[in-house]
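Architecture and fold: a report
If you want the building blocks of each chain, they are given just below.
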Amino acid sequence: MSEITPDLVRHLAGLARILVTDEEVEKMTSQLSLIVDSVATVNKAVAGDIPATSHPIPMANVFREDVIEPSLSQAEALSGAPDSADGRFRVHAILDEE
Amino acid sequence: MSDLIRKNASELVELLNSKQVSSVEVTQAHIDRTNAVDADVHSYLHVSPESALATAAEIDRKRAAGEPLHPLAGLPIAVKDNLTTTDAPTTSGSKILEGWVPQYDATVVAKLRAAGMPILGKTNLDEFAMGSSTEFSAFGPSHNPWDLDRIPGGSGGGSSSAVASFQAPLAIGSDTGGSIRFPAAVTGTVGTKPTYGAVSRYGLIALASSLDQIGPVSRNVLDAALLQDVIAGYDKHDSTSLPESLGSMVEAAKKMDVKGLRIGVIKELTGAGFQPGVQARFNESLTLLQNAGAEIVEVSCPSFEYAIAAYYLILPAEASSNLAKFDSVRFGLRVTPEGNPTIERVMAATREAGFGPEVKRRIILGTYALSSGYYDAYYGSAQKVRTLIQRDFDAAFAKADVLVSPTAPTTAFKLGEKLEDPLAMYLNDIATIPANLAGIPGMSIPNGLAEEDGLPVGIQLLAPAREDARLYQVGAALEKMHEDVWGKRMIDFAPELEVK
Amino acid sequence: MAKDELMNYEQALAQFEVVIGLEVHVELNTKTKMFCGCKNEFGNEPNTNVCPICIGLPGSLPAVNKRAVESSISIGLALGCQIAPTGRFARKNYFYPDLAKNFQTSQYDEPIAFEGALEVEVPSGNKFNVLIERAHMEEDAGKLTHVGGATGRIQGAEYSLVDYNRAGVPLVEIVTKPVFGAGAEAPELAAAYVRSIRDIVRALNVSDARMERGNVRCDANVSLRPHGSEKLGTRTETKNVNSLRSIERAVRYEIQRQAAILAKGGSIIQETRHWHEDRGITSSGRPKSDADDYRYFPEPDLVPVQPSIEWIESLRAALPENPAERRRRLAADWGFSELEFRDVVNAGLLDQIEETVAAGAKPQSARKWWGGELARVANAEDKDVTELSITPAQVAELASLVEGGKINDRLAREVLTYVLAGEGSPAEVVAARGLEVVSDDGALIAAIDAALASQPDVLDAIREGRMQAAGAVIGAVMKAMKGSADAARVRELLIEKANA
Ligand SMILES: [Mg+2]
Ligand SMILES: [Zn+2]
């Protein structure tokens, strides 16, 4: 049995900034439980000292020279934005720290 | 139906280069076809007839003037809608991006433009390429031209159905766990996932960065080779792109020789769980290969048992992070909730309204897999499984030059059949996922029809990293053996669509 | 907490042991950003140094700035750190509108540099060895402006505006291990440590290191524990304290605040706090909770950094002299008083004085000119003293003209004006403008007599030992001779006359 609970789903949705209704929480809890139980089998596979693979093709030291390239114009940068003002992206007030 | 649209890309290229047809004629023929059938097939999310014809006319003018042109100049193409285009909206199949016109072209799109290939439109996909059926597109599913009640595969069902229904001679796909190869298998077309890094991902709206790869969709192997040679190559904008050239796929496809090659059958990807018709066609192809002088060997990849589990941890984990940028600030949808909206609430409401159920499911799963206390057990273990799978491939490729398996366990299923059962949907990808986890190239080519339902079946070829050429060599050879047996291309068995 | 509720500082130290930890973010002065080719420049129009990468458009990918990596390695080496054979980028996931991708590309468990140490001297002359845990590379966030509400603060703002020009600017974050044993000098140590970091990155020329522009930013962790206790107390993290003085004040305030709470039996909340320069207090910010689950994972779009030994050693060979060692050397060589030396360091004049001395001037003369007249001119013109158009060699020449009696101080200042105006070297100016002092006794005696005619009592006063009376005559003579008189000679002649 997995440890997926409605509270955990709510917490995860909060971390992922997704609003969820109680109904969705319920549905996701059961679906995620099934999925998590199934994917948790990876644990069985990796007993012993096995290195992790983060990149399928190993490479290293890929760099860009410190050379200026053209930027977007301000109008281009803002062209897809839902709202802007004074050359900047406009967002609702931030409910957070001072 | 215009004769032009049924031709292979390589044939059209010859006609164009010898000035027997103009690019405008070829392009217009495909636009006409889309107008006639796409209401039923729904391959495209956006069509660009004006700009496609403008490109075509420009190429015709240059050709007439004797200017040097790319060999594929004037040949039209369809592009999956998760590649950015400055002249057409790019949605990745999601409401959250509806109407967004990107400020830059993906590297692959820029290469198509540089080659003078008219872009017919943007093809449908599961939202953010999450799915195996195209049913998770926020703009409605695509349909399989072989049977409109069935799925055309996913996530690239728009590209596969466009090519299978003669709306485009070629298309671009992207493959994170089989999104090029599975659609190819169920629509009787060819699809290649190149070696990870062979094609630049710059401008591909990321699903899972360490798994995603762009590749060609076509109706035959040589056509796929033509396209891979256009889009492959190092790109300084993609730090994971391979610095070295993998050589000419067209040359490899023209070799058409399997004599002396060792073909490895992956024990774990045959037998139980595979539809009888799928298995039968697979066995017949092994016989064909053997008769042509290939040596058939059996290989074992025991860690494949954990491939789907590892994949469904790594993919959601990376996707949860990649999709965080969809927050209503710089582009895309903004939903303002009632009451006293703060940015936090606006972001959450936007993501609630803008993402579909599968996307949300995977984001939450990925958030879980990465969160503190669970990382080692889930994401960490999955990355280790990845190492085991690579080791399995290394061992297998010590015994065989190319590995083969059925591309998918079944033929195309019915629309709606697996929609409410994520786990069943995930099982489709059992044969295709290992290549993504290991970064190796894979190709699916038509492998006949299953007798039980008369639907297309695919065979998957796999080669070691950077050995994409082997796929084209063996794929083209097997395709030739098939066509000799069938007397025509497999796509020619497809039923005629009703033309509106 | 109101000031009168704080515990008296001495009392706090008597009851508790102070443990501090410092995180310093240094903005590098590369030409371009960390992961894209946009200009790394301060003060441009909003959202003009931005591109698909640094505003996080879908499909864009990062590419690492080589120079930023070199600067980071140099900082690591200068702090005595080991350089990691494999450094990795990682994503730190959290939502904030100034963070274009809603993750910061940073480093997590494999930073580029780790385990260093820095000897820091506080004003009392005590020295502390601050252990460095790590120095890692990351990107800066954009800039938020809060509109509406009171004084641009976030609380009560109606909306906020985001400028991403700063997003993606390369940062090196330097993190200390907990620092024990500074006692009452913990606040001074915090400030002196940040000053040392600033001096080092300036000497390396990897950062403009202007704190008022946020090039160097400090987060100060403070915790208290009863003397003799082994267990660390709960810490607070005071964010973005952006001047050396406020670092000292903020640490002192936190010590007094926490002591007051602990003494009453309360407990400290682990939280972020904000320093208010105007009120001299910190206030509670966001509590650290499991909402701070950053879900770090290796950045799949970037490959590891594996600096070769040769690369590291070439950067090590190019390191300038360690600023602390250099200061020790110069202090010993120059023989300034402690106060004089500190002033010179604070004014950033070490380079100028060192070069002026090397050009032949006495250390005290060099200090006098750079720290006096030239600093005054620079200040008046709102320039850095290094931006004045005068070379250390010219200052040395000026000093030697004064010491040789060719000009006096007054003339020297005049000469400086012309040198700064570009009229040539001091010697050239003196020659061209005829500014040499007059030491011809005949002319001087005539001028003295003229001056005495209007104030005959002066000679009596001098005879009675009231030497200050001589000043009026000397002044009159200087005035009459337009400053070109040798004041010392005038004085001698006047005394001779009085005693004749
Ligand atoms: Mg940081
Ligand atoms: Zn940029």
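Everything discussed here concerns the structure shown above.
Regarding the interface of chain C and chain B
Taken together, the contact between chain C and chain B spans 30 residues of the former and 38 residues of the latter. With both sides pooled, the region where chain C packs onto chain B buries about 2,600 Å², and carbon together with sulfur makes up 61% of that total. The largest per-residue losses of area from chain C upon contact with chain B belong to Pro58(C), Leu61(C) and Arg295(C), which jointly make up 23% of the total buried on that side. On the surface where chain C and chain B come into contact, there are one salt bridge. A salt bridge links Arg201(B) to Asp301(C), with the shortest nitrogen-to-oxygen separation between them at 3.0 Å. Put simply, chain C and chain B have 16 residue pairs in polar contact (both at pLDDT 80 or more) between them.

Notes on the coordination of the zinc ion (ligand 2)
Those donors, Cys36(C) (SG), Cys38(C) (SG), Cys51(C) (SG) and Cys54(C) (SG), are the protein atoms that reach the zinc ion (ligand 2), and they lie 2.3 to 2.4 Å from it. Note that the zinc ion (ligand 2) binds four donor atoms; their angles at the metal cover 99 to 115°, and the shape is tetrahedral.

So, the coordination of the magnesium ion (ligand 1)
Residues and elements named next belong to chain C. Here the magnesium ion (ligand 1) is held by Glu138 (OE), Glu138 (OE) and Glu173 (OE), and the distances to it run 1.9 to 2.6 Å. In this pair, glutamate 138 is assigned in strand β7 (residues 127-139) and glutamate 173 in strand β10 (residues 170-176), connecting sequence segments 35 residues apart. You'll find glutamate 138 and glutamate 173 in the same group, each marked buried.

Notes on the side chain of Asp223(B)
Residue and element names in this part refer to chain B. By secondary structure assignment, the location of aspartate 223 is in helix α8 (residues 221-231). The buried charged residue aspartate 223 lacks any salt bridge partner; its closest oppositely charged side chain belongs to arginine 219, at an N-O distance of 5.9 Å. Once residues within four sequence positions are removed from consideration, aspartate 223 is found in contact with Asn8, Ala9, Ser10, Leu170 and Ser218.

Focus on the interface of chain B and chain A
The interface is formed by 66 residues belonging to chain B together with 55 residues belonging to chain A. Counting each side, the surface lost to burial between chain B and chain A is near 5,100 Å², with a carbon and sulfur contribution of 68%. For the pair chain B and chain A, the interface holds three salt bridges. Measuring nitrogen to oxygen at the nearest pair gives 3.2 Å for the salt bridge that ties Glu24(A) to Lys360(B). Summed over the shared surface of chain B and chain A, the result is 18 residue pairs in polar contact (both at pLDDT 80 or more). Looking at the side of chain B that touches chain A, the elements that each hand over two or more residues are α11 (307-322), α12 (343-354), α13 (357-370), α14 (376-399), α15 (422-427) and α16 (433-438) of chain B. Considering each element in turn, the side of chain B that touches chain A owes the most residues, twelve residues, to α14(B). Tallied by class, the residues present in the side of chain B that touches chain A amount to 34 nonpolar, 19 polar and 13 charged.

A closer look at the packing of helix α10 (residues 392-403) of chain C against helix α12 (residues 426-433) of chain C
Any two packed helices are characterised by how steeply their axes cross, that is the angle between the axes, and by the distance between the axes. Residues and elements named next belong to chain C. The geometry of α10 relative to α12 is characterised by a closest axis approach of 8 Å and an angle of 55° between their N-to-C directions. Regarding the angle of α10 to α12, the classification is oblique. When α10 is examined against α12, the residues Gln394, Glu397, Leu398 and Leu401 are found in contact with a partner set consisting of Pro426, Ala427, Glu428 and Val430. Looking at the contact of α10 with α12 residue by residue, the classes come out as five nonpolar, one polar and two charged.

Description of the sheet that holds strand β2 (residues 84-85) of chain A
If you walk across this open sheet you meet the four strands as β2(A)-β3(A)-β9(C)-β8(C), and the pairing is antiparallel. Taken across any chain shown, the strands that pair with only one partner, and hence form the sheet edges, are β2 of chain A together with β8 (143-147) of chain C. With five bridges joining them, β8(C) and strand β9 (residues 159-163) of chain C adopt antiparallel strand pairing. In the strand pairing of β9(C), Leu144(C) is matched with Val162(C).

Criteria and thresholds
Residues numbered from 1 in each chain as written. Chains lettered and ligands numbered in written order. Predicted model: local features only at pLDDT ≥ 70, side-chain atom pairs only at ≥ 80, totals over all residues. Heavy atoms only, no water. Contact = heavy atoms within 4.5 Å. Buried area = accessible area lost by both parts, 1.4 Å probe. Salt bridge = Lys/Arg side-chain N within 4 Å of Asp/Glu carboxyl O. Polar contact = N/O pair within 3.5 Å; in protein donor to acceptor, adjacent residues only side chain to side chain. Donors = N, O, S within 2.8 Å, 3.2 Å for Na, K, Ca; no water. Tetrahedral: all angles 85-135°; square planar, octahedral: opposite > 155°, others 65-115°. Helix = DSSP H or I, 4+ residues; strand = E, 2+ residues; numbered from the N terminus. Buried < 20%, exposed > 50% of the residue type's maximum accessible area, 1.4 Å probe, protein only. Lys, Arg positive; Asp, Glu negative; His and termini not counted. Nonpolar A, V, L, I, M, F, W, Y, C, P; charged D, E, K, R; others polar. Axes fitted to C-alpha atoms, helices over the stretch in contact; angles between N-to-C directions. Parallel < 35°, antiparallel > 145°, perpendicular 65-115°, else oblique. Pairing = 2+ DSSP bridges.

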